[in-house]
Amino acid sequence: MSIRINDVAPDFTADTTQGPIQFHQWIGDGWAVLFSHPKDFTPVCTTELGYMAGLAPEFAKRNTKIIGLSVDPVASHGKWSADIEETQGHKVNYPMIGDPELKIAKLYDMLPADAGVTSEGRTPANNATVRTVFVIGPDKKVKLMLIYPMSTGRNFDEVLRVLDSLQLTAKHAVSTPVNWKPGEDVVVPAAMAEEDVKKKFPAGLKTLKPYLRLGAQPK
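Now for a description of the structure that goes with this document. The structure presented is a predicted model; accordingly, all values stated were derived computationally and were not measured.

## Digging into the overall build of the chain
Moving on, step 1. Broken down by element type, the chain carries 6 helices and 10 strands.
Moving on, step 2. Projecting the C-alpha coordinates of the chain onto the three principal axes gives extents of approximately 60 × 40 × 30 Å.
Moving on, step 3. Burial status across the chain gives 46% buried among its 219 residues.
Moving on, step 4. For the chain, long-range pairs separated by at least 24 residues make up 63% of all intrachain contacts whose partners lie at least 6 apart in sequence.
Moving on, step 5. Approximately 11,000 Å² of the chain is accessible, and the part contributed by carbon and sulfur atoms is 55%.
Moving on, step 6. Treating the 25 positive side-chain charges of the chain as one cloud and the 25 negative ones as another, the clouds have centres 7 Å apart.

## A closer look at the pattern of salt bridges
Moving on, step 1. According to the stated counting rule, one finds 12 salt bridges in the structure shown.
Moving on, step 2. With a closest N to O distance of 2.9 Å, Lys143 and Asp139 form a salt bridge.
Moving on, step 3. Residue classification places Asp139 among the partly exposed positions, given a relative accessible area of 39%.

## With respect to the sheet that holds strand S9 (residues 206-209)
Moving on, step 1. Here 3 strands make up an open sheet; going across it, the order is S8-S10-S9 and the pairing antiparallel. In this open sheet, the two strands that pair with only one neighbour each are strand S8 (186-188) and S9. In this sheet, neighbouring strand axes are inclined to one another by 35 degrees on average, regardless of whether the strands run parallel or antiparallel.
Moving on, step 2. For S8 and strand S10 (residues 212-215), the ladder comprises 3 bridges, and the chain directions are antiparallel. Following the sheet pairing, Val187 is matched in S10 by Leu214.

## Remarks on the sheet that holds strand S3 (residues 31-37)
Moving on, step 1. Pairing within the open sheet is mixed, and its 5 strands lie in the order S5-S4-S3-S6-S7. With partners counted over all chains shown, the strands left at the sheet margins are strand S5 (96-98) and strand S7 (142-147), one partner each. Strand-to-strand twist across the sheet, computed as the mean angle between neighbouring axes with direction ignored, equals 20 degrees.
Moving on, step 2. Summarising the sheet, S3 and strand S4 (residues 64-70) pair through 7 bridges and their orientation is parallel. Bridging across to S4, His37 finds its partner in Ser70.

## As for the packing of helix H2 (residues 43-61) against helix H5 (residues 156-172)
Moving on, step 1. Interhelical geometry of H2 versus H5 gives an angle of 30 degrees and a closest axis separation of 10 Å. Taken together, the axes of H2 and H5 lie roughly parallel to each other. Between H2 and H5 lies a crossing whose hand is right-handed. Along its contact with H2, which presents Glu48, Tyr51, Met52, Leu55, Glu58 and Phe59, the element H5 presents Phe156, Asp157, Val159, Leu160 and Leu163.
Moving on, step 2. Of the residues in the contact of H2 with H5, the class split is 8 nonpolar, no polar and 3 charged.

## What to know about the side chain of Thr64
Moving on, step 1. Structurally, Thr64 is set in strand S4.
Moving on, step 2. Take Thr64: its relative accessible area is 6%, and that puts it in the buried class.
Moving on, step 3. Separated by 3.0 Å, the side chain of Thr64 and the backbone oxygen of Arg62 make a polar contact.
Moving on, step 4. Once residues within four sequence positions are removed from consideration, Thr64 is found in contact with Trp31, Ala32, Val33, Phe59, Leu163 and Gln167.

What counts and what doesn't
Residues numbered from 1 in each chain as written. Predicted model: local features only at pLDDT ≥ 70, side-chain atom pairs only at ≥ 80, totals over all residues. Heavy atoms only, no water. Helix = DSSP H or I, 4+ residues; strand = E, 2+ residues; numbered from the N terminus. Buried < 20%, exposed > 50% of the residue type's maximum accessible area, 1.4 Å probe, protein only. Contact = heavy atoms within 4.5 Å. Areas by Shrake-Rupley, 256 points an atom, 1.4 Å probe, with all protein chains shown as cover. Lys, Arg positive; Asp, Glu negative; His and termini not counted. Charge placed at Lys NZ, Arg CZ, Asp CG, Glu CD. Salt bridge = Lys/Arg side-chain N within 4 Å of Asp/Glu carboxyl O. Pairing = 2+ DSSP bridges. Axes fitted to C-alpha atoms, helices over the stretch in contact; angles between N-to-C directions. Parallel < 35°, antiparallel > 145°, perpendicular 65-115°, else oblique. Left-handed = near helix turned anticlockwise from the far one by under 90°. Nonpolar A, V, L, I, M, F, W, Y, C, P; charged D, E, K, R; others polar. Polar contact = N/O pair within 3.5 Å; in protein donor to acceptor, adjacent residues only side chain to side chain.

Structure follows, in structure tokens:
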């Protein structure tokens, strides 16, 4: 199946390094970041998993759980975690999903249906497309997808920035402009009722064009 923004994230059950989960139940009433990897013991992914472990408190502040997936068994993930902690200085403190039968990779359209039924014998190159970040909202819908090549490490600071935008815009029905950071002006949707504009932006707006109005970030 093809996945698009605002589709319901496919639910699944799986073994993880922290025990079995049912994905939607595990998410609960908060947000979640699912990020995938083509193979254990790959160099770029090792740096990513360690960095995410260091960012875990920042995601927790945003009521967001993080979970990794790699196309290998959970037992292999445990051995890889030791390498990650040794080389990156952060213990992997979030669950890692095992996907040795490629079921979740296929469910999330990261591998084609005819990719086989086992991770055995597959190389990272075979699984190169399993390099996606999904941000999932409390409604269990996909809010963001980022797909990276194996040669380029992901920017998880950007994932935090987008998460801040997603949470702000969901709460206040505004938008954020290019390169927006928390605390900066936001975009006022043209369709927002003037009554709501006055309530949300008591200090007034900067009107650049009738369709492009900026206001201070709502509290």
